[in-house]
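An overview of the molecular structure
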Number of protein chains: 2
Amino acid sequence: MSTRTDAPTRREQILKEAARLFAERGFHGVGVDEIGAAVGISGPGLYRHFAGKDAMLAELLVGISERLLSGGRLRAEESPADPEALLASLIDSHIDFALDDRPLITLHDRELDRLRESDRKQVRRLQRHYVELWVTAVRALHPRVPESEARAAVHAVFGLLNSTPRLADRDDGPAARTATESLLRRLAHGAFAALSPPSEDGV
Amino acid sequence: MSTRTDAPTRREQILKEAARLFAERGFHGVGVDEIGAAVGISGPGLYRHFAGKDAMLAELLVGISERLLSGGRLRAEESPADPEALLASLIDSHIDFALDDRPLITLHDRELDRLRESDRKQVRRLQRHYVELWVTAVRALHPRVPESEARAAVHAVFGLLNSTPRLADRDDGPAARTATESLLRRLAHGAFAALSPPSEDGV
DNA sequence: CAAGCCTGTTAGCGGTCGTTAACCTGAGAG
DNA sequence: CTCTCAGGTTAACGACCGCTAACAGGCTTG
């Protein structure tokens, strides 16, 4: 398994450009001709690779949801008994996704309702499992916090981490990326820390 | 000036329903016939009240942006010399808007690009001033934090606070609302608190 | 009571969009 | 050398959408 030095498939090109365009102008705001033009072919040519426009969106959303979940599960296995390290690891993993696949993170919580019923159900199932992973981690660290509140906090922190697309459209090099990572990490930890009131004495 | 017990104008009905539909299915995903049907008239009837679909979106986005900014300015005047109280006040004000006008908060950062150039510029100007209000408040409280970082943190906290639409679609009564307010307030304060490292000694 | 505006209706136009049909071409396989 | 087929092309169809035109009913007003 090399680190993908080979050229991307046509399918992959299409998915990447479609993600970018959908994120920029919304699913209904992008025509198939535009997507085709973005990869150098004409609109109907896309139908050699996808069943339709809906299928592209479905593959994008299912894909990002699966990758988020499996990334989260990996982290959960790595930190089996250390709640603090687990939550930190989940946060880092999510930040990586948010910074690597900005358009997908945008689509992920914006165009879900444009999916066919079955695809939407699948994406929602994956999302729910991912959230449960986080809720479990948060409650392990903050046992007195009720589940509904933990879940709301997790969604809110997702909102915080997913604000990335609105920052730094241009690539300012790896330094800026590291700085953004560090900032988001601190903000997320700070938010979660506010869940339990600070204890005056030790644990 | 009473507290509006009178019936809403037709224009206001239309704006409210349009906001809901735009937030649910996206600007391009809603037809004028649907908006009309939502207020009991047929599609073209809307043109007695608005110049077009674009004009409805423009009025919605300019409106929420203006209200956010003027709300923020009001708070800034109330807490002229107390940075901590000012930031707390800005947070409370924003939470109120987010909980009162959930669809508008959604549209506000999602459908901006569907506006005509001039409207978009106006909304962006209002948004920029609003962000500046927050950045100033944050930097008064955390003087060592560089401006770019403060600005990124403000955007991230907006993402946190604006996650509200994804929670609690149904009205669970005023108790749930108070709980959500309190949670968001704590999370936002916790996030900002993480900007400056906690000082071991006093100030 | 008549005039006129306000607010609604229905019919329809022009344009766009997703998709299909029909055709073409170049690279491998036998 | 020919057959096949993956991966393109253009033309066109049907549906839909935003918007305008033309018309109508009901208040308000002089």
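Remember, predicted model here, so these are calculated numbers, not experimental data.

1. Description of the packing of aromatic side chains
Here the structure, examined in full by the defined rule, presents 10 aromatic pairs over all chains. Ring plane angle 70° and centroid distance 6.2 Å describe the contact between Tyr130 of chain A and Trp134 of chain A, whose orientation is recorded as edge-to-face. On the criterion of helical spacing, the pair formed by Tyr130 of chain A and Trp134 of chain A is a turn pair, its members being 4 residues apart in helix α6 (residues 117–141). The class of Tyr130 of chain A is buried, set by a relative accessible area of 4%. Trp134 of chain A sits in the buried class, given a relative accessible area of 0%. Here Phe22 of chain B and Phe27 of chain B contribute two aromatic rings whose centre-to-centre distance is 5.1 Å and whose plane-to-plane angle is 65°, an arrangement assigned as edge-to-face. Here Phe27 of chain B falls in the buried class, since its relative accessible area comes to 4%. When the ring centre of Phe27 of chain A is taken as origin, the NZ or CZ atom of Lys53 of chain A, which lies over that ring, is 4.4 Å away.

2. Focus on the interface of chain A and chain B
Reports often express the size of an interface as the amount of accessible area lost when the parts come together. Contacts between the two partners involve 27 residues from chain A, matched on the other side by 27 residues from chain B. Together, the buried faces of chain A and chain B total about 2,400 Å²; carbon and sulfur atoms form 61% of this surface. Looking only at chain A, the three residues that lose the most surface to chain B are Arg110, Arg186 and Leu187 of chain A, adding up to 20% of its buried area. Here Glu149 of chain B and Arg186 of chain A are joined by a salt bridge, their closest N and O atoms 2.9 Å apart. Those elements that place two or more of their residues in the side of chain A that touches chain B are α1 (10–25), α7 (147–161) and α8 (173–193) of chain A. Here the element with the most residues in the side of chain A that touches chain B is α7 of chain A; it accounts for 7 residues.

3. Describing the relation of the copies chain A and chain B
Once chain A has been moved 0.0 Å along the axis and rotated by 180°, it coincides with chain B to within an RMSD of 0.0 Å. The transformation just described matches what one would write down for a two-fold rotation axis. Mapped onto chain B, 100% of the interface residues of chain A again fall at the interface, so both copies present the same surface.

Thresholds applied
Residues numbered from 1 in each chain as written. Chains lettered and ligands numbered in written order. Predicted model: local features only at pLDDT ≥ 70, side-chain atom pairs only at ≥ 80, totals over all residues. Heavy atoms only, no water. Phe/Tyr/Trp six-rings, centres within 6.5 Å; stacked < 30°, edge-to-face > 60°. Helix = DSSP H or I, 4+ residues; strand = E, 2+ residues; numbered from the N terminus. Buried < 20%, exposed > 50% of the residue type's maximum accessible area, 1.4 Å probe, protein only. Lys NZ or Arg CZ within 6 Å of the ring centre and 35° of its normal. Contact = heavy atoms within 4.5 Å. Buried area = accessible area lost by both parts, 1.4 Å probe. Salt bridge = Lys/Arg side-chain N within 4 Å of Asp/Glu carboxyl O. Least-squares fit on C-alpha atoms with pLDDT ≥ 70 in both.

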